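If you want the building blocks of each chain, they are given just below.
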Amino acid sequence: MNRDDVQDKLLAVFRDVFEDDELQISPQTTADDVEGWDSLMHVSLMINVERAFGVKFSSTQVASLKNVNELIDLVVSRLAIKGAEGRA
Amino acid sequence: MNGTLHHVSIIVPDEDRVHELAGLFGLELGRRQYVEEYEADCIFTTGSCGVIEFIIATGGKLAKFNKGMGGLHHIAIAVPDLDQARRELSEKGIPLLETKPVDAGPIQINFVAPAYTRGVIVEYVQPVEAPSTRAASAPPDAEPTRAAATDGSDAGRLSEQDIFRKARSLRKVGSMQAAADLLRDALRRHWLSAEGIEKAGRHIAGYLDDSGTPSLEVLVLGQCTTNWVSTCLTAAAWGGAAALRASDGQYDNVIQELMAAASSGRRYDLVVLLPWHQRLLGAAPGLGQVRIDEEVAFWQQAWQIVTAQMSARLVQVGYDWVSPGPLGHHLAGKAEGPVQLVRQVNDRLRAALPPSAYFVDLEQASGIMGRERFYDARRYHWTKQPFSEAGAACLADHIWSGIRSTTTGPKKVLVLDLDNTLWGGVVGETGPLGVEVGDTAAGEAFRAFQLHVKELASRGCLLAVSSKNNPEDAREPFEKNPALALALGDFAAFEASWEPKSVAIQRMAKTLQLGLDSFVFFDDNPAEREHVRQMLPDVAVVEVPEEPAHYVRALEAGQWFEAVSITEEDRARTEQYRAEAQRRDAQNSFASMEDYLASLDMVGDVRDVDDADLARVVQLLGKTNQFNLTTRRHGLDTVRDMLAQPRSIGLTVRITDRFADYGLVAVLLGVEEVGASVPTLHVDTWLMSCRVIARTVEEFCLNSLVAAAAAKGYRRVIGHYVPTRKNALVADLYDRLGFQRVASDADAGTTYAMDISEPAPSKTFVARRA
């Protein structure tokens, strides 16, 4: 899965979690840009992202994310690890 | 082109029509799909008759079909490749309507432009193998759907994604009520996962705020994070047809938040308190008992504020342990082990709890689900909420059932089917001795269910039968089969006929004089369950699993009969209802109403409200809806304060007649009207049990009140009727009793006055006990 695919799929997750079919995100999007994205929603969002991609994040990784771009990085790297484990 | 007929589509105006037609032609309903583009709910039939698609179009182009009357709409032809079909058709000069195929779940669809088929609308469909790629696909470790459909009534069930999608599109067009109703239906049918429940809770909270719907105001405070639990609580209440707005306080700031709430002037109906064990189990060795004392004292301080300063009801959740910890299982249950400490503190809390408070036993709740599923360590470390999504939703259910039991009270009637519900087999075929009860494995399960249900009856729930059977066949097993644990005398109503069950149940409600919202329906047949759900939405329908061994658990899971206490009256209830039936038979044999009333030999016992009665009086204030003139839900302290004033009057009335002792049937509370020119008694509360209406007990109550008032020197009595959805019964009571109307307002109600300086008692057939 390349970065664009990850971003597309993340968009679907965001729209689902924040219940906004018109929501748009870009790599620069931060929590301040989305209504309702507070610390508790952040946890819900992360858990949903984990579910959608079949990966798990660590607490440190989740807490340190600054924007969507970093989230995409995180997902891509976790998917790569998962892929590597599958091949191993 | 290799096409086959895929389905025929019929547009119908509403869902009732679908069930009507399906019932008429013996069609089985299967998959349901919401297609956003056409704003339509589509239900496909399954089974061997070929596929019919029923389209319920709520808006958009399809709703206008045939001038809104609906009818046969189109035929659909399945092709292996929609794009290829489109190319072939366009070569023939026939265009398809949509520029690209519309996603309708497992099929992609497109329509031939109708002009080219001379009025016959033809749809092309291409079955799709992969699941819809529109949204995030379900991952391997997703949480299982809560109460995964075991009851076979999946016919017409929308997927969770579709439910929220539909709710969103309804909201977009301003249909807020419809969106909220859709979620209510999904919630009460347990169609949502734990995550979906939390999401629904947020929806509903927003809806209640925006629409200003009168709601139960609940404050949730905890020593852990409470936000998910409170959101799920809103959802749980909504699924139970109640509007509940939950506010959270700051994490682990219980006393401060309570004090702030008490002095804020904001009115809360109820407070939920949620402990967590970080301090209890963090004690140094040897200090466990001290810590228990501290925790109990802490909660007692909290209760004080809730009951005395906020005048709110209380739901207290207990402590729980998540794992035995380093001591291991054997030692954790001893002395100062964590499990033992938790159990001790819970025992102390339970013993010290204010009388009408409800205690949610968290050990029981987490035990039934399983602690591994109920708790989530990661979530606890991230957010200080110890519960998993499933655990939070489950806890919310328990809290809701506690709130329900302290407001509307437990459900009062359990309506049971007979064949394959109370026994195995169909009695009309097997005969009374051939039904399975005991002996076989299935028989054991049915017998266990009968015993459970009998036990429910002995603690105050009424049992009723609604069976599609010949009346004689239905009764025979009770008369002839010794293996049955239940007898005919255990039932307050017994309906065996071939009429629709909704008709039978409505008749029962009328006979027992109880609202349908106090009924629970248990039937192994999914079609009957769906029928009752549709026709009688107030009745709680149990999700009955296929396996009889699981019946008891399925009934318990709904927590329909949770009660704060059981009284003697509760235990005698079935007997009372039987006596009532006898009384009604007697009534039919009298020439005139007056002769009949005289023959009843009614005796009324009037007493001042004393401490022994106080709890029962407050319970009645909370539960009585129909014969309740002002519906004031006073708490214990308010009533006590009211009656402490020397000029107040508080009366209870107990009635017995020739047939039965009805116990405490009426409560009248009056306070002095301040600043009146003439000594005036203001009737704050007058409620009465519906079991004794229209027998001149009303007149007896009034006479007793007037006598008590006159004895205290009052010369005038003021009464109010405050209209609610449920008390239309007493809208003209004061008029009938000879009061004068003083003022009337559509919302605030009517004020009445009666001059009592001259004695003029109303005629009554109730004799006062000396």
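Residues numbered from 1 in each chain as written. Chains lettered and ligands numbered in written order. Predicted model: local features only at pLDDT ≥ 70, side-chain atom pairs only at ≥ 80, totals over all residues. Heavy atoms only, no water.

Enquirer: Lay out the overall build of chain A with the relevant residues and their values.
Expert: A tally of helices and strands in chain A yields four helices and zero strands. Ordered by position from N to C terminus, the α and β elements of chain A give α-α-α-α. By residue count, 43% of the 88 residues in chain A fall in the buried class. Counted over contacts in chain A with a minimum sequence separation of 6, partners at least 24 positions apart contribute 52%. Accessible surface for chain A amounts to roughly 4500 Å². Of this, 49% is attributable to carbon and sulfur atoms. (Helix = DSSP H or I, 4+ residues; strand = E, 2+ residues; numbered from the N terminus. Buried < 20%, exposed > 50% of the residue type's maximum accessible area, 1.4 Å probe, protein only. Contact = heavy atoms within 4.5 Å. Areas by Shrake-Rupley, 256 points an atom, 1.4 Å probe, with all protein chains shown as cover.)

Enquirer: Outline the sheet that holds strand S18 (residues 540-541) of chain B, listing residues and values.
Expert: All names here are of chain B. Strand order across the open sheet formed by five strands is S16-S15-S14-S17-S18, with parallel pairing between neighbours. Of all strands in the sheet, those bounded by a partner on one side alone are strand S16 (491-497) and S18. Pairing geometry for strand S14 (residues 413-416) and strand S15 (residues 462-468), over four bridges, is parallel. Residue pairing for S15: Val413 is matched across the bridge by Leu462. The strands touched by helix H17 (residues 441-458) are S14, S15 and strand S17 (519-522); relative to S14, the strand with the most contacts, the crossing angle is about 155 degrees. (Pairing = 2+ DSSP bridges. Axes fitted to C-alpha atoms, helices over the stretch in contact; angles between N-to-C directions.)

Enquirer: Can you explain the packing of helix H5 (residues 176-188) of chain B against helix H6 (residues 194-211) of chain B? Please cite residues and give values.
Expert: Residues and elements named next belong to chain B. Put simply, H5 and H6 touch, their axes get as near as 10 Å, and they point 150 degrees apart. Judged by the sense of rotation from one axis to the other, the crossing of H5 with H6 is left-handed. Along the contact surface, H5 presents Met176, Gln177, Ala180, Leu183 and Leu187, while H6 presents Ile197, Ala200, His203, Ile204 and Tyr207. When its residues are assigned to classes, the contact of H5 with H6 shows eight nonpolar, two polar and no charged. (Left-handed = near helix turned anticlockwise from the far one by under 90°. Nonpolar A, V, L, I, M, F, W, Y, C, P; charged D, E, K, R; others polar.)

Enquirer: Give a description of the interface of chain A and chain B that names residues and reports values.
Expert: Each partner contributes residues to the interface: chain A has 24 residues there, and chain B has 24 residues. Note on chain A versus chain B: buried area summed over both sides is about 2000 Å², and carbon and sulfur give 48% of it. When the area that chain A buries against chain B is broken down by residue, the three leading residues are Glu19, Leu40 and Arg51 of chain A, summing to 35%. The tally of links between chain A and chain B comes to six salt bridges. Measuring nitrogen to oxygen at the nearest pair gives 2.5 Å for the salt bridge that ties Arg51 of chain A to Glu389 of chain B. Connecting chain A to chain B are eight residue pairs in polar contact (both at pLDDT 80 or more). For the side of chain A that touches chain B, the elements supplying multiple residues, two or more each, are helix H1 (3-17), helix H2 (39-53) and helix H3 (59-64) of chain A. Sorting elements by how many residues they give to the side of chain A that touches chain B places H2 of chain A first, with nine residues. Across the side of chain A that touches chain B, the residue classes break down as 10 nonpolar, five polar and nine charged. (Buried area = accessible area lost by both parts, 1.4 Å probe. Salt bridge = Lys/Arg side-chain N within 4 Å of Asp/Glu carboxyl O. Polar contact = N/O pair within 3.5 Å; in protein donor to acceptor, adjacent residues only side chain to side chain.)

Enquirer: Account for the environment of Met602 of chain B, with residues named and values stated.
Expert: Residues and elements named next belong to chain B. Position of Met602 among the secondary structure elements: in strand S19 (residues 602-608). For the pair Met602 and Ala767, spaced 165 residues apart in sequence, the C-alpha to C-alpha distance is 6.2 Å. Not counting residues within four places of it along the chain, the set of residues in contact with Met602 comprises Leu597, Thr656, Asp657, Arg695, Thr696, Val697, Phe765, Val766 and Ala767.

Enquirer: Outline the packing of aromatic side chains, listing residues and values.
Expert: Any pair of aromatic rings gets described here by the distance separating the centres and the angle formed by the planes. Residues and elements named next belong to chain B. Applying the stated rule across the entire model yields 23 aromatic pairs over all chains. Ring plane angle 75 degrees and centroid distance 6.0 Å describe the contact between Trp276 and Phe387, whose orientation is recorded as edge-to-face. A residue pair is termed long-range when its members are at least 10 positions apart, and Trp276 in the loop between strand S11 (270-274) and helix H9 (288-309) and Phe387 in the loop between helix H14 (377-383) and helix H15 (389-407) qualify at 111 residues. A network of ring pairs unites the aromatic residues Trp276, Phe374, Tyr375, Tyr380 and Phe387 as a single cluster. Stacked on the ring of Tyr380, the Lys or Arg Lys384 has its end atom at 5.1 Å from the ring centre. The ring of Tyr714 has Arg647 lying over it, and the distance from NZ or CZ to the ring centre is 4.4 Å. (Phe/Tyr/Trp six-rings, centres within 6.5 Å; stacked < 30°, edge-to-face > 60°. Lys NZ or Arg CZ within 6 Å of the ring centre and 35° of its normal.)

Enquirer: Quick one: what's the story with the pairing of strand S1 (residues 4-12) of chain B, residue by residue and with numbers?
Expert: Residue and element names in this part refer to chain B. Where S1 lies against strand S5 (residues 71-78), seven bridges are found, and the strand directions are antiparallel. Bridge assignment links Ser9 to a residue of S5, and that residue is His74. Bridge count for S1 against strand S4 (residues 52-57) is five bridges, and the pairing is parallel. Looking at the pairing, Val12 lines up with Ile56 of S4.

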